[in-house]
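Residue-level structure breakdown
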Amino acid sequence: MTTPAHRIQRGVSLYSYQEEFFLRTMSLEDCIRAAAECGALGIEVIPEQSIPGYPQLTDEFLQTWHGWMGQYGTHPAATDLFLDTKRHPDRWLTLEEQVASVRQDVDIAVRLGAPVVRAIINTPPEVMEAAAPYAEEAGVRLLLEVHAPFHYEHPWVLQHLEVMYRTGSPALGLMPDMGTYVRRFPRVVSERALRDGAKPELVDLIVSTYDDHGDTHALMDVVNYRGGGPVDFGLARQATHYIWSEPKAMLDHMGLIGHVQAKFYEMTDEGVEYSIPYDEIVPVLVEGGFTGHLSSEYEGNRHVQDAFPVDSVEQVRRQHAMFARLLGETTGEDA
């Protein structure tokens, strides 16, 4: 074991274990235990997915939750909020209602002991600005998830950055999702499309267009001209939701980055992510002095569940073996 020259922490979003949690083959405690066993001690939780009775947190649940943290040597790293702007069928939530919803999520984070709340990308900048003083007083950071196909030059993200830099609020920041660095089209996604009846020649076209950084937005027309069906159209549309951008762009805003959603679709037998080049991403985080959590977010489950047993635990374990190697915690042989 070597002493790493960084302060990056490792964690897991319990969203990664959604397949097993939904099927009740893993309990909430099982998920926390699995994270701890692979050295991912920072626990990110989606309260409405994992906590019975959400948005109410009983004293009994909180006692159990904090007991698990002590038992497994883990700690709360983040909670995730979903701003339900369409809660009412006939209108959007008002600004005041949206801010109240965010405040509720801040209160939940405080009770769980989490220092960070992930703000979903659709959270308006004016809501973040209005909620910032409450979050700051509570000692919680509201981090906007920069999720594909958004990026740091996107007009929506630029509006958020304007608020963050203008107010200088320590409560506001960014949570990059590594789905913005998809270099190769995820193999599990294209293979699922083939099993669902997509035309092989159209799948090849869609994948090669993405991998070659071609015009993915033209694919819908091409699929139409070539007689594609619903699955082909769905895959073409998906190609516009992935993006590849330069990881070094994070350096310009590293002071705002408090947590990283370490998305992945497939950890191979060779111990690398098929689509996302973490060997390029992790050095950027080290260079920028990032001190938050690399939090696993496994999304390959939904693309293999039709044909193969889902083993989220093994997939997360492989990702953290990779992280341990890239962060200098182990040698290649150790991982």
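The following paragraphs examine the structure supplied in this document. Remember, it's a predicted structure, so these values are computed and weren't measured experimentally. Here the residue index of a chain counts from 1 through its sequence in written order. Given that the model is predicted, a residue must reach a pLDDT of at least 70 before its local features are reported, and side-chain atom pairs must reach 80 or more before they are shown or counted; all residues, however, enter totals for whole chains, interfaces and linings. To obtain the side-chain values, all non-hydrogen atoms of the structure were included, while hydrogens and water were left out.

Attention now moves to the nonpolar core. By size, the foremost hydrophobic cluster in this structure holds 96 residues, and its most contacted members are Leu142 and Met250. A contact between two residues is defined here by any heavy atoms of the two lying within 4.5 Å. Those residues within four positions of Met250 in sequence are excluded, and the remaining contacts are Tyr152, Pro176, Met178, Tyr181, Ile257, Ile281, Val284 and Leu285. We define the nonpolar core as a collection of buried residues of types Ala, Val, Leu, Ile, Met, Phe, Trp, Tyr and Cys that are connected through side-chain atoms lying within 4.5 Å of one another. We call a residue buried when its accessible area falls under 20% of the maximum for its residue type, exposed when it is over 50%, and partly exposed in between, using a 1.4 Å probe and counting protein chains only.

Quick look at the sheet that holds strand β7 (residues 260–264) now. Any two strands are treated as partners once DSSP identifies two or more bridges connecting them. In DSSP terms, a helix is any run of H or I states spanning at least four residues, a strand is any run of E spanning at least two, and both are numbered starting from the N terminus. Reading across the sheet, the eight strands line up as β6-β5-β4-β3-β2-β1-β8-β7 and stay open at both edges, with parallel pairing between neighbours. The open sheet is flanked by β6 (172–176) and β7, the only strands paired with a single partner. Neighbour-to-neighbour, the strand axes of the sheet open up by a mean angle of 30°, direction not taken into account. Across four bridges, the pairing between strand β1 (residues 9–13) and strand β8 (residues 293–298) is parallel. Angles here are taken between N-to-C directions and fall from 0 to 180 degrees, while the axes themselves are lines fitted to C-alpha atoms, restricted in helices to the stretch in contact.

Of the volumes computed, that of the largest pocket is approximately 390 Å³. Here a cavity means grid points, on a 1 Å grid over the protein atoms only, where a 1.4 Å probe fits yet cannot get out; a pocket means an open set of points with protein on both sides within 12 Å along at least five of seven lines; lining residues are those with an atom within 4 Å of a point. Lining the largest pocket are 21 residues, and of these Tyr15, His147, Lys263, Glu299 and Arg302 lie nearest its centre. Grid points are joined across faces, edges and corners, and a volume is the space filled by probe spheres set on the points. Roughly 320 Å³ of internal volume is contained in the second largest pocket. Val188, Glu266, Tyr298, Val304 and Gln315 are the residues nearest the centre of the second largest pocket, which is lined by 20 residues in total. Listed by contribution, the elements that provide at least two residues to the lining of the second largest pocket are α8 (187–195), α13 (301–304) and α14 (312–326). With four residues, α8 is the largest single contributor of residues to the lining of the second largest pocket.

A few words on the packing of aromatic side chains. Side-chain rings of Phe, Tyr and Trp (the six-membered ring for Trp) are treated as a pair once their centres are within 6.5 Å; stacked means planes under 30 degrees apart, edge-to-face means over 60, and tilted covers the remaining angles. Per the stated rule, a full pass over the model turns up eight aromatic pairs. Measuring from centroid to centroid gives 5.9 Å for Phe185 and Tyr210, while their planes differ by 75°, and the two rings are edge-to-face. Residue Phe185 is located in the loop between β6 and α8, and its partner Tyr210 is located in helix α9 (residues 200–211); the two are separated by 25 residues in the primary sequence. Of the residues examined, Phe185 reaches a relative accessible area of 2% and is grouped as buried. Residue classification places Tyr210 among the buried residues on the basis of a relative accessible area of 5%. Considering the side-chain rings of Tyr242 and Tyr265, the 5.7 Å spacing of their centres and the 80° angle between planes classify their relative orientation as edge-to-face. A residue pair is termed long-range when its members are at least 10 positions apart, and Tyr242 in the loop between α11 (230–239) and β7 and Tyr265 in the loop between β7 and α12 (278–287) qualify at 23 residues. Classification of Tyr242 by relative accessible area gives buried; the value is 5%. Consider the ring centre and the ring normal. A charge sits over the ring if Lys NZ or Arg CZ is within 6 Å of that centre and within 35 degrees of that normal. Stacked on the ring of Phe21, the Lys or Arg Arg24 has its end atom at 5.6 Å from the ring centre. One Lys or Arg, Arg118, reaches over the ring of Phe82 and ends 4.6 Å from the middle of that ring.

One can find Glu96 in helix α5 (residues 95–112). Residue class for Glu96 comes out exposed when judged on its relative accessible area of 59%. For the pair Glu96 and Gln238, spaced 142 residues apart in sequence, the C-alpha to C-alpha distance is 34 Å.

Of the two faces of strand β4 (residues 116–119), the one lined by Val116 and Arg118 and the one lined by Val117 and Ala119 are each fully buried. As judged from the three bridges shared by strand β3 (residues 75–81) and β4, these two strands associate in the parallel manner. Of the residues in β4, the one forming a bridge with Thr79 is Val117. A crossover counts as right-handed when, viewed with the strands pointing away from the observer, the path leading from the first strand over the helix to the second turns clockwise. The β-α-β motif built from β3, the intervening α5 and the parallel element β4 has right-handed crossover chirality. In this structure, β4 lies alongside strand β5 (residues 141–146), joined through four bridges in parallel fashion. Note that in β5 the partner of Ala119 across the bridge is Leu144. Each parallel crossover has a hand, and for β4 linked through helix α6 (residues 125–138) to β5 it is right-handed.

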